Amino acid sequence: MPAQKKEKFVYWFKEIDKKDGDIVGGKGANLGEMYNLGIPVPPGFIITSGAYFHFIEKNSLLPKIKELLSDTNKDRPETYTAASGKIKKLINDAPIPKEISLEVIKAYIKLGGVFKNPLVAVRSSATAEDLPDASFAGQQRTFLNIKGESELVECVRECWASLFEPRAIFYREEKGFDHFKVGLAIPVQEMVQSVASGVMFTCDPVTGEKNRIIVDAIYGLGELIVQGEVTPDHFVIDKKDFKITQKIISNQKVQLIKKNGVTKKFTVPASKQEKQKISDKEAVKIAKLGAKLHEHYYFPQDCEFAVDRKRKIFIVQTRPVTTLEKAEDKKELKEEKKEIKEAISEIKEKKEILKGSPASPGIGWGSVVKVKSKSEIGKVKQGNVLVTSMTTPDFVPAMKKVSAIVTDKGGLTSHAAIVSRELGVPCVVGTENATQVLKDKEVITVDGTKGAIYKGGLDIKSKIIEPHLVHHSDEESRLLQTATKLYVNLADYSLAKEVGEKNVDGVGLLRAEFMMAEIGEHPKKMIKEKREKEFIEKLSERMAAFCQAFNPRPVIYRATDFKTNEYRSLKGGDLYEPKESNPMLGYRGAYRYIVDEKVFAMELSAIKRVRNKLGLKNLWLMIPFVRTPEELLEVKKIITSNKLFRSSSFKLLMMVEIPSNVILLEEFLKVGIDGVSIGSNDLTMLIMGTDRDNSEVATVFDERNPAVLWALEKTVKTCKKEGVTCSICGQGPSQYPDLVEKLVEYGITSISVNPDAIERTRELIYRAESKRVTGKD
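Note that the structure is a prediction, hence the values are computed from the model and not measured. (Residues numbered from 1 in each chain as written. Predicted model: local features only at pLDDT ≥ 70, side-chain atom pairs only at ≥ 80, totals over all residues. Heavy atoms only, no water.)

Following Asn551, the chain continues to Pro552 via a peptide bond in cis, the omega torsion being 5 degrees. Considering the arrangement of structural elements, one finds Pro552 in the loop between helix H18 (532-550) and strand S26 (555-558). Even without being glycine, Ser60 reaches a positive phi, approximately 50 degrees. On the secondary structure map, Ser60 appears in the loop between helix H2 (49-58) and helix H3 (62-69). Positive phi outside glycine occurs at Lys441, with the angle close to 75 degrees. With respect to the element layout, Lys441 can be found in the loop between helix H13 (434-437) and strand S21 (443-447). On the accessibility criterion, Lys441 (73% relative accessible area) is exposed. (Helix = DSSP H or I, 4+ residues; strand = E, 2+ residues; numbered from the N terminus. Buried < 20%, exposed > 50% of the residue type's maximum accessible area, 1.4 Å probe, protein only.)

Rendered as structure tokens:
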């Protein structure tokens, strides 16, 4: 472990400046620098990283932590959760040496002055000696409104333990950082009882434009804006004359405040929800403080601010904006786009040999490998083009390897289409005869944007050209804030971390079926063999990967909705599943849970394990295919009997995907749920009487049909009237811009789309909301 420059365990802000990052971390060093610059900073002190290293050494924890970290495996996210839990327990069980605790308590008493036991904020400030490019933002714990010596000391230990959160361990390993060169300092500040708070950027963090300052503000403490749980008011301020050039006021329904001795979320009074959170004058004053910091640091700053009850403004944190694109990156991107542009021009000269429905955008090329069934997926190699009649969940491991996918059957919402969009793999479906026309090892190019297949490959290194480059647009995707939340539909946990870094508000649809298919065995077979614990652990590990990647944003797990023919494909499935002539309308969804609740009970146990044992409280539950209000009531009884209760951190939702759900929606809501999500795929099929996976009639499937739009409007407006949330997780919003505008107009709470549609859907929502506010296109 690195030696410390100084011997003290505690420093006051006035003793610290920006050069002391090695002992107090970047956050701590900047607090000292701002304090000495005369910026209004809540007073406080910093517990150095030397205290952390001393604590580890005194308790001989280093060899134990090393041993536990040796078990992590990047291909198995659950190993990070397991190692993290054990390491945090080691740290939380170890005593803090008196030489540290006494110095901390002494500083706390001095900070309080005549006021005994002042309320303080306890934050984490990671240090990384010899690692200048390390960025540990958001990986460690923060504690607000802490009161008393013992509570403070306990929070210090919790902060140290948070250095070994699963995502923090993974981040260091991904970056090749030595776990034991990274320490943790802890700033302790007087708590500002914020009536408003927010973030400020002294340049546009996306476009990099330095002539403007961005100020985002909310009611209450700032944690909700950092977590993305609340949409802030948005101010754009000209840096030259400090005039506000743009202002968007959001509707804020909840705020995080301290009330009656408890810090938690409270409802914002209805009369204040749509009002401006800070005045124009305050926004400009905050911007001027930002400009001063920018000038001092010679670099754009990302700041957090708080406004107290007396409307006094404090800057509680500043750090450099890290998202600005480097000049060399721009040059590299320009060269890449030039190469791609030439390759796209090359396609125009190629012979089109097949046509189908465009299912996943982008262009991919490679040699054909034809797969007739799941038993042949071992033939698929990295960079192949997968050609098959139709994919099933068993094909997913192979689909991850390929450069493109082509199928005979299926429509835009078939398994192949949905999964390929999630994986970012170009795909063309419904060609009718690709498996007959194409030959194994033949080299082809697949344009998933146009639905065309061409003879021959491309003269380019990359096997996949991403959609935004296919359109060769130079416009950068903007990080927009919208009142309508944008969620993502996911199934593959190996994509969770990557997608979790995108501008999304959570997972609106976590499909159980893909995780179960990966487990591979029929749940009833595992129950018969008394392997329930194994099933629960495997399912919960996969759930946890999503929850970690998105925490604290919600992850809405849709309980199993396998149809009998899909369940039969699992190992042992033929022993437990009936053969049905029409599985779509058969033994599935809520009815299955009621008739035989054992499998559903294991899912509930997995949810409890993630929430209670692994401490990931952002996992919610959604019930699919509920035919009647009575079914919903019976399912609720099962959930309650398994000791899962609705609360502010555990929401229960229902899919609206059957016409009866729309017609009797008021009756379903009376049973008691927190919201609904419209499964527009099944709902459209059942309203239109068509099969989206049957290429003979798939063209009839259209979520913009007047009958379907009537159902969508009735559902959204009924939910709004009854005060529950309403989302949509079908394919339509990912495909049709005009449908997004209609949903926003109806007043939908959130829209959940496939990963490939995140950026364009956020832009569509932003435009639709702006149109509603201004009345202009």
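Within the secondary structure, Leu616 is located in the loop between helix H21 (598-613) and strand S27 (619-623). Owing to a relative accessible area of 8%, Leu616 belongs among the buried residues under this scheme. The spatial distance from the C-alpha of Leu616 to the C-alpha of Cys547 is 6.4 Å, given a sequence separation of 69 residues.

Here we come to a positive patch on the surface. On the surface, Lys281, Lys285, Lys310 and Lys312 cluster together to form a positively charged patch. Along the chain, Lys310 falls in the loop between strand S13 (301-307) and strand S14 (313-320). (Patch = residues over 30% accessible without salt bridge, like charges linked within 9 Å, V, L, I, M, F, W, Y side chains within 5 Å. Areas by Shrake-Rupley, 256 points an atom, 1.4 Å probe, with all protein chains shown as cover. Salt bridge = Lys/Arg side-chain N within 4 Å of Asp/Glu carboxyl O. Lys, Arg positive; Asp, Glu negative; His and termini not counted. Charge placed at Lys NZ, Arg CZ, Asp CG, Glu CD.)

On to empty space enclosed by the protein. Evaluated as defined, the whole model comprises four cavities of 30 Å³ or more. Approximately 190 Å³ is the volume found for the largest cavity. What lines the largest cavity is a set of 21 residues, and nearest its centre among them are Arg123, Ser194, Gly222, Ala306 and Val316. For the lining of the largest cavity, the per-class residue count stands at twelve nonpolar, five polar and four charged. Estimated volume of the second largest cavity: approximately 80 Å³. As for the second largest cavity, its lining consists of His522, Lys524, Thr560, Tyr567, Tyr587, Arg592, Tyr593, Asp596, Val599 and Phe600. (1 Å grid on protein atoms, 1.4 Å probe; cavity = no way out; pocket = protein on both sides within 12 Å on 5 of 7 lines; lining within 4 Å. Points joined across faces, edges and corners; volume = space filled by probe spheres on them. Nonpolar A, V, L, I, M, F, W, Y, C, P; charged D, E, K, R; others polar.)

So, on to the sheet that holds strand S9 (residues 233-238). With antiparallel pairing, the six strands of this open sheet are ordered in space as S10-S9-S8-S7-S13-S14. Bordering the open sheet on either side are strand S10 (244-248) and S14, each of which pairs with just one other strand. Along the sheet, successive strands turn relative to each other by an average axial angle of 15 degrees, direction set aside. Looking at chain direction, strand S7 (residues 196-201) and S13 are connected through six bridges and run antiparallel. Among the inter-strand pairings, Gly198 is bridged to a residue of S13, identified as Phe305. Across the sheet, helix H9 (residues 280-297) is in contact with S7, strand S8 (212-219), S9, S10, S13 and S14; its angle to S14 comes to roughly 40 degrees. (Pairing = 2+ DSSP bridges. Axes fitted to C-alpha atoms, helices over the stretch in contact; angles between N-to-C directions. Contact = heavy atoms within 4.5 Å.)

A few words on the packing of aromatic side chains. Under the counting rule described, the total for this entry stands at eight aromatic pairs. For the ring pair Phe562 and Tyr567, a centre distance of 4.9 Å and an interplane angle of 55 degrees mean the geometry is tilted. Members of the aromatic cluster, joined through ring pairs, are Tyr52, Phe53, Phe55 and Trp160. Of note, Lys272 hangs over the ring of Tyr219, and the distance from its end group to the ring centre comes to 4.8 Å. (Phe/Tyr/Trp six-rings, centres within 6.5 Å; stacked < 30°, edge-to-face > 60°. Lys NZ or Arg CZ within 6 Å of the ring centre and 35° of its normal.)

Counting residues in hydrophobic clusters, the biggest one holds 106 residues, and the most contacted among them are Tyr557, Phe600, Ile607, Leu621, Ile623, Ile639 and Leu712. Sort the elements by how many residues they give to this core and H18 lands first, with nine residues. Setting aside residues up to four positions removed in sequence, Leu712 forms contacts with Ile678, Glu703, Ile728, Leu739, Leu743 and Tyr746. (Core = buried A, V, L, I, M, F, W, Y, C linked by side-chain atoms within 4.5 Å.)

Using the criterion set out here, one finds zero disulfides in the structure. Looking at Cys159, it has no disulfide partner, and the nearest cysteine sulfur is the one in Cys155, 6.6 Å off. Since its relative accessible area comes to 0%, Cys159 is described here as buried. Looking at Cys719, it has no disulfide partner, and the nearest cysteine sulfur is the one in Cys726, 4.2 Å off. (Disulfide = S-S within 2.5 Å.)

Our focus in this paragraph is the sheet that holds strand S24 (residues 485-490). Strands in a sheet are paired, the pairing made by backbone hydrogen bonds, and the direction either parallel or antiparallel. Here eight strands make up a closed barrel; going around it, the order is S24-S25-S26-S27-S28-S29-S30-S31 and the pairing parallel. Strand-to-strand, the axes of this sheet are offset by a mean angle of 30 degrees, without reference to chain direction. In terms of strand pairing, S24 meets strand S25 (residues 507-511) through three bridges, oriented parallel. Opposite Leu490, over in S25, you have Leu510 as the bridge partner.

In a packed pair of helices, the relevant descriptors are the angle between the two axes and the axis-to-axis distance. Axis separation between helix H5 (residues 98-112) and helix H6 (residues 149-161) bottoms out at 10 Å; the angle between their running directions is 125 degrees. When the axes of H5 and H6 are compared, the pair comes out oblique. Of the two possible hands of crossing, H5 and H6 adopt the one that is right-handed. In contact with Ile100, Val104, Ile105, Tyr108 and Ile109 of H5, H6 contributes Glu149, Leu152, Val153 and Trp160. Classifying every residue of the contact of H5 with H6 by side-chain character gives eight nonpolar, no polar and one charged. (Parallel < 35°, antiparallel > 145°, perpendicular 65-115°, else oblique. Left-handed = near helix turned anticlockwise from the far one by under 90°.)

This part covers the packing of helix H26 (residues 706-722) against helix H28 (residues 737-746). With their axes 9 Å apart at the nearest point, H26 and H28 run at an angle of 30 degrees to one another. For the element pair H26 / H28, the angle class is roughly parallel. Where H26 crosses over H28, the two elements pack in a sense that is right-handed. Contact with H26, carried on its side by Leu709, Leu712, Glu713, Val716, Lys717 and Lys720, involves Leu739, Lys742, Leu743 and Tyr746 of H28 and no other residues of that element. Here the contact of H26 with H28 is composed, by residue class, of six nonpolar, no polar and four charged.

Moving on, we come to the side chain of Arg609. Checked against the element boundaries, Arg609 lands in helix H21. At 4.6 Å, Glu537 is the nearest oppositely charged side chain to Arg609, a buried residue that forms no salt bridge. Apart from residues lying up to four places away in sequence, Arg609 is in contact with Ile536, Glu537, Ser540, Glu541 and Leu614.

Let us look at H5. Look at H5: 21 Å from first C-alpha to last across 15 residues, which is about the 21 Å you get at 1.5 Å a residue. Within H5 the residues assigned to the buried category are Ile100, Ser101, Val104, Ala107, Tyr108, Leu111 and Gly112. The buried residues of H5 occupy an angular sector of 135 degrees when the element is viewed end-on, so they sit on one face. What points out from H5, more than 90 degrees from its buried face, is the exposed set Lys98, Leu102, Lys106 and Lys110. At the exit of H5 stands Gly113, carrying a positive phi of roughly 60 degrees. (Expected span 1.5 Å × (residues − 1). Arc of directions from axis to C-beta.)

Next up on the list: the side chain of Ser750. By the secondary structure assignment, Ser750 is in strand S31 (residues 750-753). Assessed through its relative accessible area of 4%, Ser750 is described here as buried. Excluding anything up to four places from it in sequence, Ser750 contacts Thr484, Lys485, Tyr487, Cys726, Ser727 and Ile728.

Moving on to the pattern of salt bridges. On inspection of all chains with the given rule, the structure shows 37 salt bridges. Here Arg531 ties to Glu521 by a salt bridge, and the two come within 2.7 Å at their closest N and O atoms. In this pair, Arg531 is assigned in the loop between helix H17 (523-528) and H18 and Glu521 in the loop between helix H16 (512-519) and H17, connecting sequence segments ten residues apart. The buried category is assigned to Arg531, whose relative accessible area is 19%. Where Arg592 meets Glu577, a salt bridge forms, and the shortest distance between an N and an O atom there is 2.8 Å.

Inspection of helix H25 (residues 680-688) places Ser680, Asn681, Asp682, Leu683, Thr684 and Met685 among the buried residues, and these make up the whole buried set. At the C-terminal side of H25, Gly689 shows a positive phi close to 65 degrees.

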